[in-house]
Amino acid sequence: MNTRSTPVDRAHADQRVAALLKQAPVEFVRAVYGINDIASGRIDTMAAREVARAQRQGMPVTEERAEQRARAYLPTAGQEHCPRCWVVYGQKIPLRFRLSTPERPETAACHACGAEYVTAPDA
């Protein structure tokens, strides 16, 4: 039987998941902007570079597929994954959490794409 070495605060874990669920639609819009930027010849925007990077890696990015993934994004407590990597690349890359300090709220960062998300409710 597997047991966790540290106790899990269920309310805190649910709060993290809720904050990340709000990010999937944002990443969908970002992907659409990237697709449209490339189609318009604006290849130097951050969104266009992200889409171009995915395409170079063999992952064709279409608006329809990005929308499907954004709707299907469902992280679970303890197995939170990056919304951007899921929507753009279709990969579940685990997030690393940094606890809050008096100067900044708790954040979740992706080591693969560099995205960082605030998981605190007040931010």
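What counts and what doesn't
- Residues numbered from 1 in each chain as written.
- Predicted model: local features only at pLDDT ≥ 70, side-chain atom pairs only at ≥ 80, totals over all residues.
- Heavy atoms only, no water.
- Helix = DSSP H or I, 4+ residues; strand = E, 2+ residues; numbered from the N terminus.
- Buried < 20%, exposed > 50% of the residue type's maximum accessible area, 1.4 Å probe, protein only.
- Contact = heavy atoms within 4.5 Å.
- Areas by Shrake-Rupley, 256 points an atom, 1.4 Å probe, with all protein chains shown as cover.
- Lys, Arg positive; Asp, Glu negative; His and termini not counted.
- Charge placed at Lys NZ, Arg CZ, Asp CG, Glu CD.
- Axes fitted to C-alpha atoms, helices over the stretch in contact; angles between N-to-C directions.
- Parallel < 35°, antiparallel > 145°, perpendicular 65-115°, else oblique.
- Nonpolar A, V, L, I, M, F, W, Y, C, P; charged D, E, K, R; others polar.
- Core = buried A, V, L, I, M, F, W, Y, C linked by side-chain atoms within 4.5 Å.
- Disulfide = S-S within 2.5 Å.

Asker: Even after reading the chapter, I still don't get the overall build of the protein chain, so can you show me in this structure?
Answerer: For the protein chain, the helix and strand inventory stands at five helices and three strands. The N-to-C order of helical and strand elements in the protein chain reads α-α-α-α-α-β-β-β. Taken over 123 residues, the protein chain has a buried fraction of 35%. Pairs at least 24 residues apart make up 46% of the contacts formed inside the protein chain by residues separated by at least 6 positions. Surface exposure of the protein chain reaches about 7,800 Å², of which carbon and sulfur atoms provide 52%. Taking the average place of the 17 positive charges on the side chains of the protein chain and the average place of its 14 negative ones, the gap between the two points comes to 5 Å.

Asker: Where do I start with the packing of helix α2 (residues 23-39) against helix α3 (residues 46-56) in this structure?
Answerer: Between two packed helices, both the angle of their axes relative to each other and the distance between the axes serve to describe the pair. Interaxial distance between α2 and α3 falls to 7 Å at its minimum, and their mutual angle equals 85°. What the angle tells us is that α2 and α3 run roughly perpendicular. When α2 is examined against α3, the residues R30, A31, Y33, G34, I35, D37 and I38 are found in contact with a partner set consisting of M46, A47, A48, E50, V51, A52 and Q55. Looking at side-chain class alone, the contact of α2 with α3 contains nine nonpolar, two polar and three charged residues.

Asker: Quick question: what am I supposed to make of the nonpolar core here?
Answerer: For soluble globular proteins, the rule of thumb is that nonpolar side chains tend to be buried together. Counting residues in hydrophobic clusters, the biggest one holds 24 residues, and the most contacted among them are C82, C85 and C110. Those elements that provide at least two residues to this core are α2, α3, α4 (63-72), α5 (83-89) and β2 (107-110). Ranked by residue count, the leading element in this core is α5, at five residues. Once residues within four sequence positions are removed from consideration, C85 is found in contact with G90, Q91, I93, C110, A112 and C113.

Asker: Can you walk me through the state of the cysteines in this structure?
Answerer: Covalently bonding the sulfur atom of one cysteine to the sulfur atom of another cysteine gives a disulfide. One pass over the structure, following the stated rule, counts zero disulfides. With no disulfide of its own, C85 has C110 as its nearest cysteine by sulfur position, at a separation of 3.6 Å.

Asker: I'm lost on the environment of P105 in this one. Help?
Answerer: Along the chain, the position of P105 falls in the loop between β1 (95-98) and β2. On a C-alpha basis, the gap between P105 and M59 in space is 33 Å, while along the polypeptide they are 46 residues apart.

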